[in-house]
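A structural walkthrough
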Amino acid sequence: MADSSLDIVAESKNRMQWWKDAKFGMFIHWGVYSLLGKGEWVMYADKIPVKEYEKLAGEFNPTQFDAKAWVKCAKRAGMKYIVITAKHHDGFAMYHSRTDPFNIVDASSFGRDPLKELSEACREEGIRLCFYYSHVIDWHHPHALHDTFNNLWDYELEKKAFFSYWNHKAKGQVRELLTEYGPVGLLWFDTSGGLSKKESEAMVNMIRELQPDCLINSRVSHWPDFGDYQSKGNNEIPMYGEETREWETPMTLNQSWGYSTKDQVWKSTDALIRKLVHIVSKGGNLLLNVGPTETGIIPEQSALRLKEVGEWLARNGEAVYGTSASPFPYELEWGAVTVKEDILFLHVYNRYWPEGELALNGVRNTVKHAYLLTDPTTSSLPVHQSYQPETDHHAMRIRLPKHPPEDHVSVIALEVEGKIDVDRGFIQQANGSIKLDLVLSEITTGSEMNEARWSFKASSSGIYEVMLVNFKKSGAVWEKEYDHEVTVRAAGQTISCIPQEDKVVNDSISCQHPYTEVHSSVGRIVIEDPGTYALTLSTKLAKPKPFGPEIWQAAAVKLRSVRLVPLIG
Ligand code: H79
């Protein structure tokens, strides 16, 4: 007899394939709010009355909107799908909805249906069109009901009749999006606070019935029971091996989603390419946002960066699209690793381009051929591999040209003999450090303290500084979270301290606004002999993996890992 749960997994794998190979998509936040240039939360933040917001909608007239130009911009950037706000929290439909007249055709002077135009342009260019739909928050509708963010300046909570919103507008509009715009790649839901499992399931069933291949993100609610993949928190990049299911990081180019005139804190092209390959090396997708203006233009600052990322991808895409995650369970200092069949792609960030050679530990295969992906003039890179049987330690050194051959990130391809086989334990990296990520520890919870435990392998003796890596949310008070002594035990030694904010990392690869990466030193331990050791860390912050993908539910200070850093001299 067929196991129906296995059938569901197989079916989900099939419909996911295009998305897993795609790696890179464009998020578009565009709506009436773009007029005010203060982001997509402006109606809520400024408590703009519905009547006034409707007047604004009437003025919305993005005459410069050109669907083909947007789709070309995404395609040139190397993006394979577009997710556009069909309706954001303001309740305004950016398409011709017959369900609710508060939409771009019936309630604005524009009179055109941009989603129709986009669906045609996407079809021509082979880009998958996907829709963002705010299913629970709707500040325009009197009966929409969220557990936190409601329009209480126009409506009274007590008078809300949720189902008259849910059955008619939310489900009605999702039905329209799935029946009038051709095949929809995925529906991207958001902020589902308070939605019951029953209603969530009804929505999912309706989608499956209308378009069985349409993907659904986890924010539909009740993940992992519903949804095909996990949307990480906004701008959140997980650790290696943290997710067992497919995931995606929604990321801003500056610090806003909807168009903002004030926000000029832009990520550089260099950082964007590093973040993209870093995410792909952890097995995820990057959904990178643009916030077009009220006239329908993708801001120049965004378009320029996307163009540059696309130029890099046009040359290096082989090491990105259709690849799988790095086999190593930790972040690498110099870059990121992706895998395709018998090739390991080493994405070396140019800023860390090593002098003379790149060292990498833990690869058990013999390297057949090492080469620079985009430099045909250097046919082969000399590789030296060695093995230390006492500690079962595999080391490798790859000779490199003096200068990186690419802009931003240069890719070294290692073609190996046999199936890729690496040491998946916590081993000493080539720079001597050992990284132990909290998500891969064994955690025991106690009434006062929790304890995280790892086993690691040191291939050389020496003195190590024990460092905690934390992400601190903007506005969080460090001392409130670290109000206790943490203790580390390893190699027969015990060290304790109350962690301080010793070092703020300004250009962290996996930490971004609204978090900053902070390192704190706990003390030193001595490893006298190479070998395998246990390390335990006891602190309240060693929490089991938190449930819930949305960033505002996340901790003020997130403990990410313990690092052992060798002290030289
Ligand atoms: O669509 C984008 C956001 O509008 C939506 N999800 C992404 C993809 C979203 N982000 N955060 N939230 C929803 C939750 C709300 C956070 C808030 Fe606030 C913090 C609301 C009030 C305080 C940030 C600051 C938004 C308004 C002020």
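The model shown is predicted, which means the values in this text are computed figures rather than measured ones.

1. Thoughts on the site of the ligand
Around the ligand, the surrounding shell holds 13 residues, and the nearest of these are His29, Glu40, Trp41, His88 and Asp190. Between Trp41 and the ligand, the recorded distance is 2.9 Å, taken from a side-chain N or O atom to an oxygen atom. Here an oxygen atom of the ligand and a side-chain polar atom of Tyr132 are 3.5 Å apart. Considering only residue class, the shell around the ligand consists of six nonpolar, four polar and three charged.

2. Side note on the pairing of strand 7 (residues 247-251)
Here strand 7 lies mainly inside the structure; five of its five residues are buried. Every second residue of strand 7 is oriented toward a common face, with Trp247, Thr249 and Met251 on one face and Glu248 and Pro250 on the other, all of them buried. In this sheet, strand 7 lies alongside strand 6 (residues 230-231) in parallel orientation, the contact comprising two bridges. The residue of strand 7 that forms the bridge with Gln230 is Trp247. In the classification by handedness, the crossover that spans strand 7, the intervening helix 8 (residues 269-281) and the parallel strand 8 (residues 284-290) is right-handed.

3. Some remarks on the domain arrangement of the chain
Per the domain assignment, the segments making up the chain are domain 1 (2-319), domain 2 (335-424) and domain 3 (434-566). One C-alpha centre belongs to domain 2, the other to domain 3, and the line joining them spans 29 Å. If you look at the interface, domain 2 gives seven residues, while domain 3 gives seven residues. Between domain 2 and domain 3, roughly 470 Å² of surface is buried when both sides are summed, and carbon and sulfur atoms account for 45% of that area. Ranking the residues of domain 2 by area buried against domain 3 places Tyr349, Arg351 and Thr391 at the top, with a combined share of 63%. In this structure, the salt-bridge partner of Lys457 is Asp392, at a minimum N-O distance of 3.8 Å. Summed over the shared surface of domain 2 and domain 3, the number is three residue pairs in polar contact (both at pLDDT 80 or more).

4. Observations concerning helix 9 (residues 300-316)
The terminal C-alpha atoms of helix 9 lie 24 Å apart, and with 17 residues this matches the ideal 24 Å at 1.5 Å per residue to within 8%. Taken together, the buried positions of helix 9 are occupied by Ser302, Arg305, Leu306, Val309, Gly310, Trp312, Leu313 and Asn316. The arc that holds the buried residues of helix 9, viewed along the axis, is 165°, so those residues lie on one side. Facing away from the buried side of helix 9 by more than 90 degrees, the exposed set consists of Glu300 and Ala314.

5. What about a nonpolar patch on the surface?
A surface patch of nonpolar side chains, amounting to about 240 Å² of accessible area, comprises Leu145, Leu152 and Leu157. Summarising the element assignment, Leu145 is placed in the loop between strand 3 (128-133) and helix 6 (162-179).

6. Details of the sheet that holds strand 17 (residues 434-437)
The strand order across the open sheet formed by five strands is 17-26-20-24-23, and the pairing between neighbours is antiparallel. If you trace the sheet from one side to the other, it starts and ends with strand 17 and strand 23 (503-505), each paired once. Direction aside, the axes of adjacent strands within the sheet are offset by 30° on average.

7. Some words on the packing of aromatic side chains
For the structure on display, the rule yields 27 aromatic pairs. With a centroid separation of 4.8 Å and an interplanar angle of 50°, the aromatic rings of Phe27 and Trp188 are classed as tilted. Taken as a pair, Phe27 in strand 1 (residues 24-28) and Trp188 in strand 4 (residues 186-189) lie far apart in primary sequence, 161 residues in all. For the pair Phe27 and Trp188, a shared accessibility class is recorded, and that class is buried. An angle of 70° between the planes, with centres 4.8 Å apart, marks the rings of Trp30 and Trp70 as edge-to-face. Residue Trp30 is located in the loop between strand 1 and helix 2 (42-45), and its partner Trp70 is located in helix 4 (residues 67-76); the two are separated by 40 residues in the primary sequence. Comparing Trp30 with Trp70, the two get one shared label, buried.

8. Section: the UniProt feature "domain: Glycoside hydrolase family 29 N-terminal" (unreviewed entry) in the chain
Under the UniProt annotation, "domain: Glycoside hydrolase family 29 N-terminal" (unreviewed entry) lies at residues 12-318. Helix makes up 36% of residues 12-318 and strand 12%, with an end-to-end C-alpha separation of 25 Å.

9. Let's talk about the packing of helix 8 against helix 9
Viewed as axis vectors pointing N to C, helix 8 and helix 9 meet at an angle of 50°, and their least axial separation amounts to 9 Å. One way to sum up the angle between helix 8 and helix 9 is to call them oblique. By crossing handedness, the relation of helix 8 to helix 9 is classed as right-handed. Seen from helix 8, the contacting residues are Thr269, Leu272, Ile273, Leu276 and Val277; seen from helix 9, they are Arg305, Glu308, Val309, Trp312 and Leu313. In terms of residue class, the contact of helix 8 with helix 9 is made up of seven nonpolar, one polar and two charged.

Parameters at a glance
- Residues numbered from 1 in each chain as written.
- Predicted model: local features only at pLDDT ≥ 70, side-chain atom pairs only at ≥ 80, totals over all residues.
- Heavy atoms only, no water.
- Near = heavy atom within 4 Å.
- Polar contact = N/O pair within 3.5 Å; in protein donor to acceptor, adjacent residues only side chain to side chain.
- Nonpolar A, V, L, I, M, F, W, Y, C, P; charged D, E, K, R; others polar.
- Buried < 20%, exposed > 50% of the residue type's maximum accessible area, 1.4 Å probe, protein only.
- Helix = DSSP H or I, 4+ residues; strand = E, 2+ residues; numbered from the N terminus.
- Pairing = 2+ DSSP bridges.
- Right-handed = clockwise from strand over helix to strand, strands pointing away.
- Domains from an automatic or database assignment.
- Contact = heavy atoms within 4.5 Å.
- Buried area = accessible area lost by both parts, 1.4 Å probe.
- Salt bridge = Lys/Arg side-chain N within 4 Å of Asp/Glu carboxyl O.
- Expected span 1.5 Å × (residues − 1).
- Arc of directions from axis to C-beta.
- Patch = residues over 30% accessible without salt bridge, like charges linked within 9 Å, V, L, I, M, F, W, Y side chains within 5 Å.
- Areas by Shrake-Rupley, 256 points an atom, 1.4 Å probe, with all protein chains shown as cover.
- Axes fitted to C-alpha atoms, helices over the stretch in contact; angles between N-to-C directions.
- Phe/Tyr/Trp six-rings, centres within 6.5 Å; stacked < 30°, edge-to-face > 60°.
- UniProt positions renumbered as here; feature names shortened; annotations may be inferred.
- Parallel < 35°, antiparallel > 145°, perpendicular 65-115°, else oblique.
- Left-handed = near helix turned anticlockwise from the far one by under 90°.

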